[in-house]
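Chain by chain, the residues:
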Amino acid sequence: MARYLTVTAAVTIDQARLRAYLRAPVAPASARPEPDWAGLCAPWRDGALRRRYRAELPAALAACDRWTDGDHAAFLRDLDEDGALTLRHDGSTGSLTLDIDTRVDFELPGMIQALTVLSGLADVMAGEDTGLVELTTDWSEGTVLLHLTPGRAAFLDPARDATTLARARDAAFDTRCAAEPDEDEPAGEVLDRLLS
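Now for a description of the structure that goes with this document. In this text, all values refer to a predicted model and were calculated from it rather than measured experimentally.

1. What about the layout of surface pockets?
Of the volumes computed, that of the largest pocket is approximately 370 Å³. For the largest pocket, the lining is made up of 15 residues, of which Leu79, Thr102, Arg103, Val104 and Gln113 are closest to its centre. Secondary structure elements with two or more residues in the lining of the largest pocket: helix H4 (72–81), strand E3 (95–104) and helix H5 (107–124). Per element, the largest residue contribution to the lining of the largest pocket is four residues, and it comes from E3. Considering only residue class, the lining of the largest pocket consists of eight nonpolar, three polar and four charged. Counted as a void, the second largest pocket has a volume near 310 Å³.

Right under this line is the structure:
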């Protein structure tokens, strides 16, 4: 049975740094220590699912490492070819929004792969660059929240990180408003424009 995940991201980042991100190779998931990935296993309401994901985490990271190939732009182009990507960018404000709605064959590795690609933005961020990534699935209730800041991609717990999450959501709302185009521009054309 097909499983689907949805990822939304709203990021403010300098265009030169965004271009560097797109051209940079996707880092392996294992470049981030396994305990850092535990936040991906926590937000699900189903306790059995949380425990299963925690047990499967080492194997899922290894699977993602085997799939990692190419740069961030190539990964996004593959999603665009599948019709799974919406991308918006406003150069004057550095506002970038990205929406992925895609099928995954393997739950945990699919989520890790999407978050690995997007967490790569933190590696090139500087100054006031910031972003919020939200991941949901059709197989369980819960939302994974990933906060991007310069050099750091951190999972957020809505209860423990309420103040940070509120600020990140406010910034994400402003970013989405700024990146809204007058007319739809295909994701591939947005990538071409950013890379030129």
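2. Some points on helix H6 (residues 162–179)
Taking 1.5 Å of rise per residue, 18 residues should cover 26 Å, and H6 covers 25 Å from first to last C-alpha, within 8% of that figure. For H6, every residue scored as buried is listed here: Leu165, Ala168, Ala172, Thr175 and Ala179. End-on, the buried residues of H6 take up no more than an arc of 85°, which puts them together on one face. Facing away from the buried surface of H6 by more than 90 degrees, the exposed residues are Thr163, Arg167, Asp170 and Phe173.

Reading the values: the criteria
- Residues numbered from 1 in each chain as written.
- Predicted model: local features only at pLDDT ≥ 70, side-chain atom pairs only at ≥ 80, totals over all residues.
- Heavy atoms only, no water.
- 1 Å grid on protein atoms, 1.4 Å probe; cavity = no way out; pocket = protein on both sides within 12 Å on 5 of 7 lines; lining within 4 Å.
- Points joined across faces, edges and corners; volume = space filled by probe spheres on them.
- Helix = DSSP H or I, 4+ residues; strand = E, 2+ residues; numbered from the N terminus.
- Nonpolar A, V, L, I, M, F, W, Y, C, P; charged D, E, K, R; others polar.
- Expected span 1.5 Å × (residues − 1).
- Buried < 20%, exposed > 50% of the residue type's maximum accessible area, 1.4 Å probe, protein only.
- Arc of directions from axis to C-beta.

That is the geometry; function is a separate question.
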